[in-house]
Amino acid sequence: MRLESIVAVLAALPAALCFQEQAPLKGHGKLHGATSADKHAPSYRKALIDLHRNLVTIPSISGDEFKVGQWLVDYLISRDFRADIQFVEPREGTPEGAQRFNVLAWPGQYSNPRPRVLISSHIDVVPPFISYGIDDGPITKDTVIRGRGSVDAKAAVAAMTIAVEELVAAGRVKKDDVMLVFVVGEEVAGDGMITFSDAAHARDEPPSWHSVIFGEPTESKLVCGHKGALFCDLKVTGVASHSGYPWLGKSANELLIHAVSKILETDLGSSELYGNTTFNLGVMEGGLAGNVVAASATGKFGARVAIGPEKNGHLIVKKRIQAILDEVDKDAFEMTCNPGYGTVDCNCDVKGFETLTVNYGTDVANLKGNFTRYLYGPGSILVAHGENEALTVGDLESAVENYEKLIEHALSNKS
């Protein structure tokens, strides 16, 4: 059955975890070989590099994830997983007529799985697309792999998948204990994970999982938590006048600059674990001409929230920013914010892992419920959105081993 047929069938179903059986989709392409120069290379090296290569080679900028999702479903079914697609609303960047969907998969042929542990990452990437590349010569642990998504987060997707395959093949986990959840939209609005979360909690029975392992670039360390997020638009209203007589007007540009300057000088919220809340004015526009006092201005900012609780720590930061805007000019500013969250705590008490906290946001906060949360992945966030995004084969292989450890640890903690 081709994906087009599956789309037609599932479109008529409610927005929930459908768990509809699927046959392989369009051919997922020939897997490339990898000549290894390391006699101690793990048995799965070729499979891991091939999977990672195919994922990175397929462009999947947020909103346009159809092709990589299509390929991934086909691959998973070919590897004896049962797979389902879960539709997500189109967004800016989605080609006309194209579908967006999360990929859900589990080992074996259970029609209604009740997994105890979820393993999740995202298949969308930031722009622009950067082609896949790998060092010439025989493959070693030091071989470097490049390309958009090679780190964030297709490295996690590949390593998680191979880890589950290895554990199941070795009989170290039961097939119905785990589920892979690969979502779209994490880089923009988290709409893929929000869709999955809403559907899971809309079912008649509560979610079965007690632990979730999230994949993001964490320098191969286990994350104890990450900062929260607050993203807002600012609209500033002034009064136009001739620039030779600026006192006759009120410059919206000057008001915005003055307010941002005060915000940057203010402690918006700090904690011992997460440090200071940071503020970034990412977009600033205003005015018509150099000889006209600006009647309007706009700005877009992102604050990385260093205080909790997760549910409303961002609201404390928002209140402090609003107080500064009111102090500068209580009538000039209008602030509109997206849903945010305070600091997000994760479980990092697992033997054998180095730990850290990170400043970026993840889908951890978008999956609601009472469960243990782990955040781990290969590669560094410092290269993740840049033109030099890259990691080594050794990074990927270490991630497979560590995801195996985390899965087994999570399963052993609760029955």
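Preceding this paragraph is the structure being described.
These numbers were taken from a predicted model, which means no experiment stands behind them. (Residues numbered from 1 in each chain as written. Predicted model: local features only at pLDDT ≥ 70, side-chain atom pairs only at ≥ 80, totals over all residues. Heavy atoms only, no water.)

**Student:** Looking at this structure, how should I read the pairing of strand S6 (residues 178–183)?
**Tutor:** Along any regular strand the residues' side chains alternate between the sheet's two faces. Among the six residues that make up S6, six are buried, leaving the element largely enclosed by the rest of the structure. Judged from the three bridges that link them, strand S2 (residues 100–107) and S6 form a sheet pairing that is antiparallel. Bridged to Leu104 within S6 is Val181. Two strands pair when backbone bridges link them, and strand S3 (residues 117–122) and S6 are joined in this way by six bridges, in the parallel orientation. Of the residues in S6, the one forming a bridge with Ser120 is Val181. (Buried < 20%, exposed > 50% of the residue type's maximum accessible area, 1.4 Å probe, protein only. Helix = DSSP H or I, 4+ residues; strand = E, 2+ residues; numbered from the N terminus. Pairing = 2+ DSSP bridges.)

**Student:** Which parts of the structure should I look at to understand unusual backbone geometry?
**Tutor:** Comment: phi is negative for the bulk of residues other than glycine, and the bulk of peptide bonds are trans. Omega for the peptide link from Pro127 to Pro128 comes to -5°, which places this bond in the cis form. Note on placement: Pro128 falls in the loop between S3 and strand S4 (133–134). A cis amide bond, omega 5°, links Gly308 with the succeeding residue Pro309. Looking at the secondary structure, you find Pro309 in the loop between strand S13 (296–305) and helix H7 (313–329). Even without glycine at this site, Asp80 takes up a positive phi of about 70°. Take Asp80: it is sitting in the loop between helix H3 (66–78) and strand S1 (81–88). At Ser220, a position not held by glycine, the phi torsion is positive, near 60°. By secondary structure assignment, the location of Ser220 is in the loop between strand S7 (211–215) and strand S8 (222–226).

**Student:** Looking at this model, I keep getting lost on the state of the cysteines. Mind explaining?
**Tutor:** Note on terminology: a disulfide is the covalent bond linking the sulfur atoms of two cysteines. Within the structure shown, the criterion is met by two disulfides. Bridging Cys224 to Cys348, the disulfide has an S-S length of 2.1 Å. Torsion about the S-S bond of the Cys224 and Cys348 cystine: about 95°, corresponding to right-handed handedness. Of this pair, Cys224 sits in strand S8 while Cys348 sits in the loop between strand S15 (344–345) and strand S16 (355–358), placing them 124 residues apart in sequence. Disulfide pairing places Cys232 opposite Cys337 at an S-S distance of 2.0 Å. When the S-S torsion is 100°, as for the bridge of Cys232 with Cys337, the disulfide is right-handed. Taken together, the residues span a long stretch of sequence, with Cys232 in strand S9 (residues 228–237) and Cys337 in strand S14 (residues 333–337) at a distance of 105 residues. We note that Cys346 lacks a disulfide partner, and the nearest cysteine sulfur, in Cys348, lies 8.4 Å from it. (Disulfide = S-S within 2.5 Å.)

**Student:** What should I look at first to understand the packing of aromatic side chains in this one?
**Tutor:** Summed over all chains, the structure comprises seven aromatic pairs. Their ring planes at 80° and their centres at 5.8 Å tell us that Phe353 and Tyr376 sit as a pair that is edge-to-face. Taken together, the residues Phe353 in the loop between S15 and S16 and Tyr376 in strand S17 (residues 372–376) connect sequence positions 23 residues apart. A residue is classified by how much of its surface remains accessible, and Phe353, at 12% relative accessible area, is buried. According to the relative accessible area criterion, Tyr376 is buried, its value standing at 0%. For the pair Tyr376 and Tyr403, a centre-to-centre distance of 5.1 Å together with 90° between the ring planes defines the contact as edge-to-face. Highlighted residues: Tyr376 in strand S17 and Tyr403 in helix H9 (residues 393–413), separated in sequence by 27 residues. Three or more aromatic residues joined by ring pairs make a cluster, and in this case those are Phe353, Tyr376 and Tyr403. (Phe/Tyr/Trp six-rings, centres within 6.5 Å; stacked < 30°, edge-to-face > 60°.)

**Student:** Where do I start with a nonpolar patch on the surface in this structure?
**Tutor:** Together, Tyr245, Trp247 and Leu248 line one region of the surface with nonpolar side chains, adding up to about 420 Å² of accessible area. Looking at the secondary structure, you find Leu248 in the loop between S9 and helix H6 (252–264). Under the relative-accessibility criterion, Leu248 is labelled exposed at 59%. (Patch = residues over 30% accessible without salt bridge, like charges linked within 9 Å, V, L, I, M, F, W, Y side chains within 5 Å. Areas by Shrake-Rupley, 256 points an atom, 1.4 Å probe, with all protein chains shown as cover. Salt bridge = Lys/Arg side-chain N within 4 Å of Asp/Glu carboxyl O.)

**Student:** For this particular structure, what's the right way to read the sheet that holds S9?
**Tutor:** Sheets are built from strands that pair by backbone hydrogen bonding, the pairs being arranged parallel or antiparallel. On the basis of which strands lie adjacent, the open sheet formed by four strands has the order S12-S13-S9-S14 and antiparallel pairing. Two strands close off the open sheet at either side, each with one partner strand: strand S12 (278–286) and S14. For this sheet, the mean angle separating the axes of adjacent strands, direction not counted, is 20°. Packed on one face of the sheet, H6 meets S9, S12, S13 and S14 and runs near 175° to S12. (Axes fitted to C-alpha atoms, helices over the stretch in contact; angles between N-to-C directions. Contact = heavy atoms within 4.5 Å.)

**Student:** How should I be thinking about the pattern of salt bridges in this particular structure?
**Tutor:** Side chains that differ in charge, positive against negative, can pair when their charged atoms come close. As enumerated under the stated definition, the model contains 19 salt bridges in all. Among the salt bridges present, the one from Arg116 reaches Asp177, with a minimum N-O distance of 3.3 Å. Residue Arg116 is found in the loop between S2 and S3, and its partner Asp177 is found in the loop between helix H4 (154–169) and S6; the two are separated by 61 residues along the sequence. The partner of Arg148 in a salt bridge is Glu389, and the shortest N-O contact between them spans 2.6 Å. Highlighted residues: Arg148 in the loop between strand S5 (144–146) and H4 and Glu389 in the loop between helix H8 (381–384) and strand S18 (390–392), separated in sequence by 241 residues.

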